[in-house]
Amino acid sequence: MKYNLIIADDHKMFLDGLLSILNSEKEYNILLTAKDGKHIAKYLEINPDEKIDLIITDISMPELDGISLNKIIKERKKSIRTLVVSMHNDADMIDNLIEHDVDGYVPKNAEKEELLKAIKTILKGEKYFSKEIKDIYLENKFAKKKKEDIKLTQREIDVITLIAQEYTTQEIADQLFLSKHTIESYRKNLIAKLNVRNLAGLTKYALKMKYIKS
């Protein structure tokens, strides 16, 4: 039995290397290669009945990235399995892909043996994530859980809400009848308490907790 595969990657050297590996394995038939996700999405649209077992994709690609492509694949034909092979190790990207049912994720610097193991595992109907990717995902989940468990006082909520609404320190002080120095202290304490890096992190937290609407 041969498995039909599609590959999307805009780096020709990596694509050629991946093709060389897969062409040496008798059970794989490469249906299509593309340098962007849009080409793959179009192919799926005009070939809805094509038997496709696995689509291997990078994340950063022109026209349509791998995250969006994975989402399209899973919406159109859930039976098609997806494997991301990328240098990106951003926690939110990984979280997004897992949330949208990606079947596997390995870094581009993975050994040939691990790549083939990932493909074989996924084609058996199981998930495969490299240790590095699993560690990032679990660490991110743990950090998010810790943030959700943090309790803010009403005054802290007032301050972070106004920060997220782009009020200046002086405007927040005027709104809450506090000194500018007190607001600056609240801001510093909130950054430390929520373990974020800057005001953008506070805004992101305020959006997540629905203190403001996006």
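The rules behind each value
Residues numbered from 1 in each chain as written. Predicted model: local features only at pLDDT ≥ 70, side-chain atom pairs only at ≥ 80, totals over all residues. Heavy atoms only, no water. Axes fitted to C-alpha atoms, helices over the stretch in contact; angles between N-to-C directions. Helix = DSSP H or I, 4+ residues; strand = E, 2+ residues; numbered from the N terminus. Parallel < 35°, antiparallel > 145°, perpendicular 65-115°, else oblique. Contact = heavy atoms within 4.5 Å. Nonpolar A, V, L, I, M, F, W, Y, C, P; charged D, E, K, R; others polar. Buried < 20%, exposed > 50% of the residue type's maximum accessible area, 1.4 Å probe, protein only. Pairing = 2+ DSSP bridges. Right-handed = clockwise from strand over helix to strand, strands pointing away. Polar contact = N/O pair within 3.5 Å; in protein donor to acceptor, adjacent residues only side chain to side chain. Phe/Tyr/Trp six-rings, centres within 6.5 Å; stacked < 30°, edge-to-face > 60°. Lys NZ or Arg CZ within 6 Å of the ring centre and 35° of its normal.

Trainee: Where do I start with the packing of helix H2 (residues 37-46) against helix H3 (residues 66-76) in this structure?
Mentor: Think of two packed helices as two axes; the pair is described by the angle between the axes and how far apart they sit. Packing of H2 against H3 leaves a shortest axis separation of 10 Å and a crossing angle of 10 degrees. Considered as vectors, H2 and H3 are oriented roughly parallel to each other. Note on element contacts: H3 touches H2 through Leu 69, Ile 72, Ile 73 and Arg 76, opposite Gly 37, Ile 40, Ala 41, Leu 44 and Glu 45. Residue classes in the contact of H2 with H3 are distributed as six nonpolar, one polar and two charged.

Trainee: What is the right way to look at the pairing of strand E4 (residues 81-86) in this model?
Mentor: On any regular strand, side chains alternate: one points to one face of the sheet, the next to the other face. Within E4, five of the six residues are buried, leaving the element largely enclosed by the surrounding structure. As judged from the four bridges shared by strand E3 (residues 54-57) and E4, these two strands associate in the parallel manner. In the sheet register, Ile 56 faces E4, and the bridge partner there is Leu 83. In this fold, the crossover linking E3 to E4 by way of H3 has right-handed handedness. Alignment of E4 against strand E5 (residues 104-107), held across four bridges, turns out to be parallel.

Trainee: I tried to follow the sheet that holds E3 on my own but got confused; where do I start?
Mentor: Whether parallel or antiparallel, the strands of a sheet pair through hydrogen bonds between backbone atoms. Sheet architecture is open: six strands sit in the order E2-E1-E3-E4-E5-E6, paired in parallel fashion. What marks the edges here is a single partner per strand, and that holds for strand E2 (28-34) and strand E6 (128-129). Relative to E3, strand E1 (residues 3-8) runs parallel, the two sharing four bridges. Opposite Ala 8, over in E3, you have Thr 57 as the bridge partner. Contacts from helix H1 (residues 12-23) reach E1, E2, E3 and E4, with the element oriented near 165 degrees to E2. Along the sheet, helix H5 (residues 112-123) contacts E1, E2, E3, E4, E5 and E6; its crossing angle with E4, the most-contacted strand, is approximately 160 degrees.

Trainee: Explain the side chain of Asn 4 to me, please; I cannot follow it from the model alone.
Mentor: The residue Asn 4 is located in strand E1 in this model. Looking at Asn 4, its side chain comes within polar contact range of the main-chain oxygen of Lys 51, at 2.8 Å. Setting aside anything within four residues of it in sequence, one finds Asn 4 in contact with Asn 29, Leu 31, Lys 51, Ile 52, Asp 53 and Leu 54.

Trainee: Teacher, can you tell me more about the packing of aromatic side chains here?
Mentor: Each aromatic ring pair is summarised here by two numbers: the centre-to-centre distance and the angle between the ring planes. Within this structure, the stated rule accounts for two aromatic pairs. Taking 6.5 Å as the distance between ring centres and 45 degrees as the angle between the ring planes, the aromatic pair formed by Tyr 3 and Tyr 28 counts as tilted. A residue pair is termed long-range when its members are at least 10 positions apart, and Tyr 3 in strand E1 and Tyr 28 in strand E2 qualify at 25 residues. Its relative accessible area of 22% is what places Tyr 3 among the partly exposed residues. Among the residues examined, Tyr 28 registers a relative accessible area of 4% and is labelled buried. Here Lys 108 stacks its cationic end above the ring of Phe 14, 4.5 Å away from the centre of that ring.

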